[in-house]
Amino acid sequence: DAGVIQSPRHEVTEMGQEVTLRCKPISGHNSLFWYRQTMMRGLELLIYFNNNVPIDDSGMPEDRFSAKMPNASFSTLKIQPSEPRDSAVYFCASSLGTGQQPQHFGDGTRLSIL
Amino acid sequence: AQSVTQPDIHITVSEGASLELRCNYSYGATPYLFWYVQSPGQGLQLLLKYFSGDTLVQGIKGFEAEFKRSQSSFNLRKPSVHWSDAAEYFCAVGAHTSWGKLQFGAGTQVVVTP
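Residues numbered from 1 in each chain as written. Chains lettered and ligands numbered in written order. Predicted model: local features only at pLDDT ≥ 70, side-chain atom pairs only at ≥ 80, totals over all residues. Heavy atoms only, no water.

1. Some thoughts on the overall build of chain A
- Within chain A, the regular secondary structure consists of zero helices and 11 strands.
- The N-to-C order of helical and strand elements in chain A reads β-β-β-β-β-β-β-β-β-β-β.
- Since a compact globule built from 114 residues should have a radius of gyration of about 13 Å, the 13 Å found for chain A is in line with a globular shape.
- Viewed in the frame of its principal axes, chain A has a C-alpha envelope of about 40 × 30 × 25 Å.
- Counting every position in chain A, which comprises 114 residues, the buried fraction comes to 46%.
- The contacts in chain A between residues at least 6 apart in sequence include a share of 54% that link residues at least 24 apart. (Helix = DSSP H or I, 4+ residues; strand = E, 2+ residues; numbered from the N terminus. Rg over C-alpha atoms; globule rule 2.2 N^0.38 Å. Buried < 20%, exposed > 50% of the residue type's maximum accessible area, 1.4 Å probe, protein only. Contact = heavy atoms within 4.5 Å.)

Set out below in structure tokens:
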């Protein structure tokens, strides 16, 4: 079975550029989560969706960050404009949307902003 | 709201020795509990989960965890570690009404020495 698919795996870009990270959740999963992981701050939940609707975006650090889920099989996390401090590994995870169900993680996108 | 504490940031263990990673949680009801492992450059992989029944749960890679309600703990154990067990380990708790949101601990980094 296909797991959570994230693209690209690596992204290197210059500050000020727009960055778009993509995620395809596991088919049938109705909750989707975006995380950011850094050495300094660890694993942070940015935003999550249930049935394509954003439930909680309180973890989004600034207005430069936005996320969408136009349908059940696709989500994007966008940073515009990007800054060097946005450099991190960004993970997408999906689940069946109840507390007893585990989240399944993608392999992440390693983002470097120069 | 639920919370998770992993008291040990870093543990060093010899190959072949036993390993125990501590996890304490705070939650008003019976929690849903998970352990994940993250190898370098990878996403988080589910090791095991607990939500009811037998308090000793078996997971993948030879790991087990024991739920102790009286101590609010869910410690992870392995009788004999292998060099490939070097990774970061995360404990997480899920709530009954959360759309699948998990609260993660800060993680414990495990180093395995020859």
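2. A short note on a nonpolar patch on the surface
- A contiguous nonpolar patch, built from A:Val53, A:Ile55 and B:Trp99 and spanning about 250 Å² of accessible area, is present on the exposed surface.
- Within the fold, A:Val53 resides in strand E6 (residues 53–56). (Patch = residues over 30% accessible without salt bridge, like charges linked within 9 Å, V, L, I, M, F, W, Y side chains within 5 Å. Areas by Shrake-Rupley, 256 points an atom, 1.4 Å probe, with all protein chains shown as cover. Salt bridge = Lys/Arg side-chain N within 4 Å of Asp/Glu carboxyl O.)

3. Thoughts on the state of the cysteines
- Under the defined criterion, the tally for this structure stands at two disulfides over all chains.
- Across a sulfur-sulfur distance of 1.9 Å, A:Cys23 and A:Cys92 are joined as a disulfide pair. The sign of the S-S torsion, about -65°, decides the handedness of the disulfide formed by A:Cys23 and A:Cys92: left-handed. Within this pair, whereas A:Cys23 is found in strand E3 (residues 19–24), its partner A:Cys92 is found in strand E9 (residues 88–95), the two being separated by 69 residues in sequence.
- Two residues, B:Cys23 and B:Cys91, share a disulfide whose sulfurs are 1.9 Å apart. Because the sign of the S-S torsion sets the handedness, a value of about -65° for the bond joining B:Cys23 and B:Cys91 places this disulfide among the left-handed ones. (Disulfide = S-S within 2.5 Å.)

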